Amino acid sequence: MLAKYGVSVPGGNGLPPGQAMGDGSFSALMAEATRYIGYPYVWGGSSPDTSFDCSGYICWVYTRSGVYHLSRTTAQGIYDQCASVSQGEAQPGDLVFFTGTYASGSAVSHVGIYVGGGRMLHAGDPIGYADLNAAYWRRHLYGYGRLF
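For clarity, every value in this text was computed on a predicted model and none was experimentally measured.

Examining the pairing of strand S10 (residues 141-146)
Each regular strand carries side chains that alternate between the two faces of the sheet. Where strand S5 (residues 83-85) lies against S10, three bridges are found, and the strand directions are antiparallel. Looking across to S10, one finds that Ala83 is bridged to Arg146. With four bridges connecting them, strand S6 (residues 95-98) and S10 associate as antiparallel partners. Across the sheet, Phe97 pairs through a bridge with Gly143, a residue of S10.

Points about the pairing of strand S7 (residues 110-116)
Taken across its seven residues, S7 has seven buried, putting it largely inside the fold. Taken together, the four bridges between S6 and S7 define a ladder with antiparallel strand orientation. Looking at S7, one finds that Leu95 is bridged to Ile113. By the bridge criterion, four bridges tie S7 to strand S8 (residues 119-122) in an arrangement that is antiparallel. Within the sheet, the bridge partner assigned to Gly116 lies in S8 and is Arg119. Where S7 hands over to S8, the hairpin turn is made up of two residues, of which Gly117 adopts a positive phi near 60 degrees.

Some points on the packing of aromatic side chains
The final tally for this structure, using the stated rule, is eleven aromatic pairs. By way of ring pairs, the aromatic residues Tyr36, Tyr39, Phe52, Tyr57 and Trp60 are connected into one cluster. Arg119 extends its terminal NZ or CZ atom over the ring of Tyr129, reaching a point 4.5 Å from the ring centre.

What counts and what doesn't
- Residues numbered from 1 in each chain as written.
- Predicted model: local features only at pLDDT ≥ 70, side-chain atom pairs only at ≥ 80, totals over all residues.
- Heavy atoms only, no water.
- Pairing = 2+ DSSP bridges.
- Helix = DSSP H or I, 4+ residues; strand = E, 2+ residues; numbered from the N terminus.
- Buried < 20%, exposed > 50% of the residue type's maximum accessible area, 1.4 Å probe, protein only.
- Phe/Tyr/Trp six-rings, centres within 6.5 Å; stacked < 30°, edge-to-face > 60°.
- Lys NZ or Arg CZ within 6 Å of the ring centre and 35° of its normal.

See the structure below:
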């Protein structure tokens with residue numbers, strides 16, 4: 001169920017929407033997240049020592065920045081902890097989720113940090129920014145979520 005304005009509608013996980021990240025939290029998140037730009041994508045990676053996969057990167061960055069303690073899990077596991085928000089409601093620091101980017105065995109297969117302006121920072125190969133308006137990302141978009 002997609003939670004919109006505190007009402008569940010089909011398509012999300014049923015959690016009520018949280019509050020958007022304040023400027024101080026987003027700055028702390030981005031200070032940590034941008035440290036790893038250029039690191040290679042490594043399946044199962046979850047620290048700078050091993051490099052990162054998408055969910056390892058998100059868990060590390062949110063936890064190490066002090067913004068949100070997020071134990072290591074999968075992209076689906078992160079989605080399951082988020083309140084769904086519409087694309088129009090998405091704020092920098094929210095998460096953007098994708099489906100079908102590989103055969104993951106779950107609906108959500110990839111996650112990135114929404115940074116605003118139609119862009120995300122994610123563990124691609126290498127870690128970096130991506131344009132969410134690119135055909136590939138539009139085709140695989142699953143939804144937006146907020147941990148707060």
